[in-house]
Amino acid sequence: MRLLFLPSGYPQLSVEPIILKENETLNSTCCITTSTSTNLITISWLLGERPLLQLNRTTHRKIKNGLVKYCSSVLEILASRYIHGKTLTCMVVKKHISASHVVNVLYPCTVRVSTKQSLKIYNNERDVFIECEANGNPQPQVLLQKKDENGQWNALEIGYMKSIKENITWTFHFGNASDDIKGMYRCIAFNDVGLAAVSKTVEIEYYNSKKRVSTILVILAVLVIAVLVLIRIIKRSKESKGCYCFQTKILEDSRTTVVRFR
């Protein structure tokens, strides 16, 4: 493995290979040069924010002009999709200097049909969309297929939109709803590393939105009436308990007169 260092005293990180496939081993070496009068150098490693403990080996040897080169190797990190995009960092402890490299791991696709199995359509006017969510590195391409009456899968040449968050969502647009949309669909995702496919049956349920609004209004009216009736019952219950008695003392000519109200 080629060891790199900077005479200026800043660490240099070497990662071989730069691009890894899933389940390959990540090996990396970090070197720094310093004067012989400097105290022992300690190099630590981070993968993302997680310290790498008991995975490194530090060596040093003298080089010309009174300098010492310290090298630390991090050993046998298994490359996986979970470390893709994370930063591998070597740090010189207490010196506030570091070097880093973003880990690039190639891994095959995963895919799922994120559309619900039953699509609710109101007044037969809403457009229908089927979504496929895929993940992979390199970024996958996605195809949508539908099974015909003979059990054969046929690719659909329809418009789509693509959005990228944690996964890539491919949204296929069918236009207005119809019974022809019902059936078995399959999302296929592929990249240079591999291919994945998953299928789902999609059904269409039709609803009349005007009837739905009328039903909601009826329910709200019933709730309002119920609240008014409850308030009236509570009010009558309080009235049936009668009036409270109050006593008032009035001092007149050193005599106490008690007036009672009922």
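Residues numbered from 1 in each chain as written. Predicted model: local features only at pLDDT ≥ 70, side-chain atom pairs only at ≥ 80, totals over all residues. Heavy atoms only, no water.

A word on the nonpolar core
Part 1 of the argument: Counting residues in each nonpolar core, the largest one holds 22 residues, and the members touching the most others are Trp45 and Val103.
Part 2 of the argument: When contributions to this core are tallied by element, the ones reaching two or more residues are strand 3 (25–35), strand 4 (43–47), strand 7 (67–78), strand 8 (87–92) and strand 9 (97–102).
Part 3 of the argument: The leading source of residues in this core is strand 7, at 4 residues.
Part 4 of the argument: Sequence-distant contacts of Val103, defined by excluding residues within four places in its chain, comprise Leu20, Leu26, Leu47, Ile83, His84, Gly85, Lys86 and Leu88.
Part 5 of the argument: Core analysis: the second largest hydrophobic core is formed by 20 residues, Val113, Cys132, Ile181 and Ala189 among them. (Core = buried A, V, L, I, M, F, W, Y, C linked by side-chain atoms within 4.5 Å. Buried < 20%, exposed > 50% of the residue type's maximum accessible area, 1.4 Å probe, protein only. Helix = DSSP H or I, 4+ residues; strand = E, 2+ residues; numbered from the N terminus. Contact = heavy atoms within 4.5 Å.)

Here's the deal with the confidence of the model for the protein chain
Part 1 of the argument: On average, the protein chain scores 76 in pLDDT, and the residues at 70 or more come to 74%.
Part 2 of the argument: This stretch, residues 1–8, has a pLDDT under 50; its non-local contacts, to residues over four places away or in other chains, come to 22 contacts.
Part 3 of the argument: A low-confidence stretch, residues 243–262 (pLDDT under 50), is modelled with 20 contacts involving residues beyond four sequence positions or located in other chains. (pLDDT = per-residue confidence, 0-100.)

Observations concerning the sheet that holds strand 5 (residues 50–51)
Part 1 of the argument: Read across the sheet, 4 strands follow the order 5-4-8-9 without closing on themselves; strand pairing throughout is antiparallel. The open sheet is flanked by strand 5 and strand 9, the only strands paired with a single partner.
Part 2 of the argument: As paired elements, strand 4 and strand 8 share 5 bridges and run antiparallel to each other. What sits directly across from Ile43, in strand 8, is Val92. (Pairing = 2+ DSSP bridges.)

Observations concerning the state of the cysteines
Part 1 of the argument: Tallying each qualifying case throughout the model produces 3 disulfides.
Part 2 of the argument: One disulfide in the model links Cys30 with Cys90; its S-S distance is 2.1 Å. An S-S torsion of about 55° defines the bridge between Cys30 and Cys90 as right-handed. Separated by 60 residues along the polypeptide, Cys30 in strand 3 and Cys90 in strand 8 bring together distant segments of the chain.
Part 3 of the argument: A relative accessible area of 0% means that Cys30 is categorised as buried.
Part 4 of the argument: Judged by relative accessible area, Cys90 falls into the buried class, the value being 0%.
Part 5 of the argument: Each sulfur of the disulfide joining Cys132 and Cys187 lies 1.8 Å from the other. Since a negative S-S torsion denotes a left-handed disulfide, the Cys132-Cys187 link at about -65° is left-handed. (Disulfide = S-S within 2.5 Å.)

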